[in-house]
Each structure stands twice: as C-alpha cells, then as structure tokens.
Amino acid sequence: MAHGQKVELDLLTQVDTKKLTFQLDRTDLKVNTLPLQLNGNFSFLNSGYRMDLRLRSNNAGLEDLLNAFPPDMMPWVQQTKASGRFDLDARLKGDYVVDKSMPDFQLTCGLKDGTLAHGDAPKPLSGIRLRADVNAPGMHMDSMHVQMDTLSFAVGQGSFFATMNMTGIHDPLMKGRVDTDLDLDEWQRAVGPLGMTLGGKLVLHAMANGRFIRKGNSIKSIPAFSLDGSIRHGSFSRKGMDIPVEKAWLDLKASCTDNDYRHTAIDIDSLNALVLKNTLHGHLHLRNMGHTPMDASLHTVVNLHDIDRVYPVNGMELGGNLKLDLETHGVLWPEKKRYPITHVEMRMDNGTVKTPYYPKPVERINIDATLTNNTPDLRSTDIDLRPVSFVFEGRPFQIKADVKDLDNIRYDINSDGTIDLGKLSRVLGMEGYGLGGIVESHLLARGSKKDAETRHYDRLYNKGNLKLRDVTFKASMFPLPFTLQRGDFHFEQDNMVFDAFRATYGKSDIGLDGKLEHVIAWVTSSGAPLQGHFNLISDRIVLDEFRSPDAPAAKPAKAASSKPSGVVVLPKDMDVQLDAHVKQASYGGLTM
C-alpha cells in the first residue's frame, strides 16, 4: 500500500555492479486496477545520472484511471460510473548533471469513447475524447511544447470542444480555441460535487493566436483573440459558502485583432447577480486602452455581513450596509486631459472591518460621498465627502470635504479626530512597512488654488492645528526614513507654522521652529515654490546620511583640507532660509 493505494509489482531487472547500471527489462505495475509498464535503463555518472525510462499504459479503462486517483477523492470515485479507453506514454531520457543538464521529457496521453456519470445522474458526460502531447527538451520550461489536439464531450443537448497549442512559459506562444454550449445543471449532476456547484446556461466561443510578452511591468504583446460568451440564470456555490450566488446573467464580448493590448475592445452587457437581498447589476464598454472610449455603469447594494457567508476569510469580519451607484460615459485620455462624464454615489452605514492582523475592529464607519464630472475636462468635477467617519480604538475621526474644479481647485475641508497609524496599519496587514505614530487633526480649510497662487489671502480661510507623535515616514529624495518624535503645527491662511518639531534621521537629531509659506499653492500647483524661514537646532548632523542614493559615496578625509564627494539633495521647488545652530556636523570623515 502506498498512501492508501494498492500497488502490485512484477519486475525483471539486470544490475551491473561494476558499471553501476540498472536495466529494467520488464516491470509490470498495477496501481489499484490501473496497469502500467515501466522499462528502460538507469546508470550513475560521476556527477549525476543517465536515464532512459519509459512508462506506458495501453488501452486501459477510464474507470481504472479513476481508481488510481488520490485517496481523498475515493468517495467521489466510488460513486462515479465511467467507461472508455485510455492510453499513456511517458519518457524521460538524457543526463541529469547538477547545474548543467536535465533529461528530456515527453508525454502522450489519449482518451476515446469516454462516459462519466456521478451517482444517479440522468444524463452522463458522453463521447469524451482527449489527445494531448507534452515535449520538454532538457526540462526547460521556455522550450516546453504542449499540444492538446482535442478535448471534447457532450451532455444532454450540450457540448464542449477545445484545442490548445502552447510553446514556452515565460513568453508563451499560444494558439487555442474553445466552443461550448452547456446546461451547467446537467454538467454538474454528471460530474458530481467537486467542491463547487454550478448552474445555468453557458455559451462560449473563444480563440487566441499569438505570443504574450512582458518586460518588467510592461506588456509588449498579447495574442490576438476574440471571445463571445453568455450566462443565463447562472448560479454558483462552493464548499464553505452558506448561501449561493443566484440569478447570474452576463453577456460578454472581447477582442483584439492584433497583438497590441491597447487595441482591446470589451463589451459587458446585462451584468446581474443576486445573493440573498444583495444585488449587483451593470455594464461596461471599453475601446483603445490609453485613450479609452468608455461607457459603464455599476449599481450594487450589499450587506457586508453576508460577504463572509459567500466568501469566508479566516479572521475577517465585515459589517454594515454599502450602496454604490456609478455611471460614466466618454473618453479617458489623461495625456490630453480628457475625462469621461461621471457620476458616483457611495454610502456606507455603520460599517465594521476586523481583520486577522489585529484584535480590534475599525467600527462605526460611515461614508456619504459623491463624485460628479459633467464635462470632458476637470472644471466641473465635484468631490463631496459629507462626511467620512470612523472610530478606532475608541478614537473618533471625521473628515468633511467639498472639492470642486480640479483645474482651479476650490476646497472646503474640515477634519477632526485622531488616528493611530501604527495600529491602523496592522489592521490593514501592513505591519513591517515602518508606518507608525499618532496623528491628531483639527483643521478648517476653505479657499481656491487661484487665490493662493495670486496671494489673495483675504479670500482664504485656513486655520487649525495638527499634532504628530512618533510618526515615521520616508521621502523619496532621502535614503533614510525620518522619525518625527513630536510635531505641533498650526495654520494661518497660507502659512504652516512649526510650533514644536523634534525628529531624528539616522544618527542626526533635528529641532525646528519657524514657518512654511504658500503651502496651499505648493500643494495644488506643480512647480509652485515652497518658501519658509526656520531656526534649526541640533546636537549632531551627519550630512553623509542626506546624500542621494544615486550619488557616489563620500571618500574618507585624509586631511582637514580634503574635499568630500557626493551630493546632498534638496527639493528643487523649495526656497527656504535656514539659520542653523549645530553643535557637531560631519561629512566625508570631517567633523566640524
């Protein structure tokens, strides 16, 4: 017995102890009722093995193949009737030398005149046919060729047919086709409950031909393809789901006539699904990725508590009611500053999120938000948060915001509350990213980008305070993270005043008082200068730590007159005066 399988073995083997070779003249195996024959030779090399091994099963029954399935599938096998003839021919030939060579692998398998019926299924799978070949020279995955000439069957009045030809794994060249028209209820009863249950009517016609090429994060080529499919009266459930997805309805067409993914067209119509009283419906039409004409809608009403009953995640608990309505139509072309006409409404009432990463939930989540854009540009954009609020670890946080016209931003923002970034990052599973500290915000901000740029401060109303404790953050221009032990700030119109600032950066300590000017203009405008005046107090500054990661390392000083190399990078859009009182500064081995 091997892992619950009954194995019978009858072999005739020759062994040459001087040459360390094994000749398998005849090896008859039987795994439960599946007959197999193994023959060939195997020998030892100085740094590996040489082999020519062949495993075959000729004209075996499909029921014999099922009997060789793993033990955990035996309950299914024992309730399934099967017939048909099965062939298998696998060969492993060549030298295995560590880090140098691998043997060639070949596999041919086929099934004809197959039938399969689970339990008392009224309509079996019939006419099952399979013909497939795998060839992997040197076991190199990028040279592997898989050819499936036929995979087909019928059930009732429905049928399934597929072919596939693929070479390589990394940049695969593929050609394939699928044609099916199936009653999924009949198919499900024929194959039995294999961990999931499907229902409805599926029609699918698809083909693909070409190479998929990816370079880094960029897709260079995709196979030309076409897909035309539909689902009617669909349903889905799986093991662990308390309630099924029902009344699924979908019409899907997609195509790309060449190998450029940007020319992909997607049409999704009549998208509908129901889970208890949770509903989803919508449509999507896309053309020409990059400058994309689109027409889409999505409407859903979800009791988040039901998600765990549909797709349970260990340790995850959700609650509250979510309603989302989205309509968008037009062209998305950011390079030309063209955007679709869009209206989005999102509302969440009394939401709760608890994850397996932290014992306490984020609770009393309330969201009432809209996004509207009525023109092809951003001048009519209106983002309205009224409000977004939550409570975490007994600390409430709320933000109200109304932001209009993203070309000339007009804003009215009110934030009030406290966030523990470290604990919140644990809730989100981001522990280890170095995010931590406490942020306390009491801010009112009202004005416009234009008034900030033209310095009409009498039209601005920005005030309030911001407190940060033990906050760690990373700026892209500096190689090390900053740890802000204490930061107390208040806002006066376009100025951000540093009431107390104590931070560490590597081995350096930094204390600041002063203010930044034109903060709103700097935040809302690219290229706007950020001005300010500060007093810096420090016991020690290590300037080497501020060098750009791309700059050459500073050479150790040989004498007091040596000039260290390297570049200390300062932001290009900052015009800040700094009065420094530093007890000790070091750079390139020099201490001052």
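Residues numbered from 1 in each chain as written. Predicted model: local features only at pLDDT ≥ 70, side-chain atom pairs only at ≥ 80, totals over all residues. Heavy atoms only, no water.

## Quick notes on the overall build of the protein chain
Rule in force here: Each helix is a run of H or I in the DSSP string that is no shorter than four residues. Each strand is a run of E no shorter than two, and both are numbered from the N terminus. Only protein chains enter the accessibility calculation, which uses a 1.4 Å probe; a residue is then buried when its area is under 20% of its type maximum, exposed when over 50%, and partly exposed in between. Here, residues are in contact when the closest pair of their heavy atoms is within 4.5 Å. Only the protein chains shown count as cover for residues, with accessible areas throughout obtained via the Shrake-Rupley method and a probe of 1.4 Å.
Counting secondary structure elements, the protein chain contains seven helices and 34 strands. Here the protein chain holds 592 residues, and the buried ones make up 36% of them. Excluding contacts between residues fewer than 6 apart, the proportion of contacts in the protein chain whose partners are at least 24 apart in sequence is 47%. Of the roughly 33800 Å² that the protein chain leaves accessible, carbon and sulfur atoms contribute 57%.

## Structural notes on the sheet that holds strand β33 (residues 585-587)
Stated formally: DSSP-based pairing: two strands are paired if at least 2 bridges between them are found.
Taken in spatial order, the three strands line up as β31-β33-β34 in an open sheet, and their pairing is mixed. Two strands in the sheet have a free side with no partner beyond their single neighbour: β31 (541-542) and β34 (590-591). Note: β31 against β33, two bridges, orientation parallel. Of the residues in β33, the one forming a bridge with V542 is S586.

## Comments concerning the pattern of salt bridges
So the rule is basically this: Salt bridge, as used here: a side-chain nitrogen of Lys or Arg that lies within 4 Å of a carboxyl oxygen of Asp or Glu.
Tallying each qualifying case throughout the model produces 28 salt bridges. Across the salt bridge formed by D179 and R177, the nearest N and O atoms sit 2.5 Å from each other. Here K404 and D382 are joined by a salt bridge, their closest N and O atoms 2.8 Å apart. Note that K404 is positioned in strand β23 (residues 395-404) and D382 in strand β22 (residues 382-392), a separation of 22 residues in sequence. Classification of K404 by relative accessible area gives partly exposed; the value is 27%. Each of R347, D349, D368, D384 and R386 takes part in one network of salt bridges that share partners.

## Structural notes on the pairing of β23
As paired elements, β22 and β23 share nine bridges and run antiparallel to each other. Paired with F390 across the bridge in β23 is F397. The loop that links β22 with its antiparallel partner β23 comprises two residues; one of these, E393, has a positive phi angle of about 55 degrees. One ladder, built from eight bridges, connects β23 with strand β24 (residues 410-420); its direction is antiparallel.

## Overview of the packing of aromatic side chains
Our working rule: Aromatic rings from Phe, Tyr and Trp, taking only the six-membered ring of Trp, are treated as a pair when their centres fall within 6.5 Å; an angle between ring planes under 30 degrees marks them as stacked, one over 60 as edge-to-face, and anything in between as tilted.
Taken as a whole and judged by the stated rule, the model has 14 aromatic pairs. For the pair Y358 and F392, a centre-to-centre distance of 5.8 Å together with 55 degrees between the ring planes defines the contact as tilted. Of the two residues, Y358 is situated in the loop between β20 (341-354) and β21 (362-373) and F392 in strand β22; the sequence distance between them amounts to 34 residues. Among the residues examined, Y358 registers a relative accessible area of 7% and is labelled buried. On the basis of relative accessibility, which here comes to 4%, the residue F392 falls in the buried class. Grouping aromatic residues by their ring pairs yields a cluster made of F22, F42, F44, Y49 and Y96.

## Overview of a nonpolar patch on the surface
The criterion, for reference: Patches here: salt-bridge-free residues with over 30% relative accessible area, like charges joined within 9 Å, nonpolar side chains (Val, Leu, Ile, Met, Phe, Trp, Tyr) joined within 5 Å.
Residues V15, L20, F22, F44 and Y49 make up a contiguous nonpolar surface patch of roughly 430 Å² in combined accessible area. Summarising the element assignment, Y49 is placed in strand β4 (residues 48-61). On the basis of relative accessibility, which here comes to 32%, the residue Y49 falls in the partly exposed class.

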